[in-house]
Amino acid sequence: MPTISINSSNGNQGPDLSQFDNDIIFSSLKRLYRRKKIRPLELNSKYGHYHSHPLSPCDFDSKSIVLLLGQYSVGKTRFIRHLLGRDFLGK
């Protein structure tokens, strides 16, 4: 598996992450959370009682949601078009 170098060779852009397989990364993070380190610590310390409940498998498997907030006419739609590179449904 490729390693990430702190000092990137391509200027200020950071390391090239395109060579990594997202499925492997997410499954490793899920396994680390559920079985190895974080969830057992949350359960033993009753962290869910004071803050947020432990994560469920669907928290790892669901797609991300992004919320854009801003006043009228500040460029929210233009920003979405820029990210997508085209117009989108709803416009």
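Each value, and the rule that gives it
- Residues numbered from 1 in each chain as written.
- Predicted model: local features only at pLDDT ≥ 70, side-chain atom pairs only at ≥ 80, totals over all residues.
- Heavy atoms only, no water.
- Helix = DSSP H or I, 4+ residues; strand = E, 2+ residues; numbered from the N terminus.
- Buried < 20%, exposed > 50% of the residue type's maximum accessible area, 1.4 Å probe, protein only.
- Contact = heavy atoms within 4.5 Å.
- Areas by Shrake-Rupley, 256 points an atom, 1.4 Å probe, with all protein chains shown as cover.
- pLDDT = per-residue confidence, 0-100.
- Salt bridge = Lys/Arg side-chain N within 4 Å of Asp/Glu carboxyl O.

Here we take up the overall build of the protein chain. Secondary structure summary: the protein chain contains 5 helices and 0 strands in total. Mapped in sequence order, the helices and strands of the protein chain form the string α-α-α-α-α. Residues counted as buried form 5% of the 91 residues belonging to the protein chain. Within the protein chain, contacts between residues separated by at least 24 positions form 10% of all contacts whose residues are at least 6 apart in sequence. Taken as a whole, the protein chain presents about 8,700 Å² of accessible surface, with 55% of it coming from carbon and sulfur.

Our next topic: the confidence of the model for the protein chain. One rule of thumb: low pLDDT means the predicted coordinates there are not for detailed reading. Considering every residue of the protein chain, the mean pLDDT works out to 76; 79% of them sit at 70 or more. Within the protein chain, helix α5 (residues 76-84) carries the highest mean pLDDT (87), whereas helix α4 (residues 57-61) carries the lowest (75).

So, on to the pattern of salt bridges. Here the structure, examined in full by the defined rule, presents 1 salt bridge. For the salt bridge of aspartate 87 with arginine 81, the shortest nitrogen-to-oxygen distance reads 2.8 Å. Judged by relative accessible area, arginine 81 falls into the partly exposed class, the value being 27%.

Moving on, we get to the environment of threonine 77. Mapped onto the elements, threonine 77 comes out in helix α5. Taking the relative accessible area as the measure of exposure, threonine 77 reaches 32% and is therefore partly exposed. Expressed as a C-alpha distance, the spacing of threonine 77 and phenylalanine 88, which sit 11 residues apart in the sequence, is 9.4 Å.

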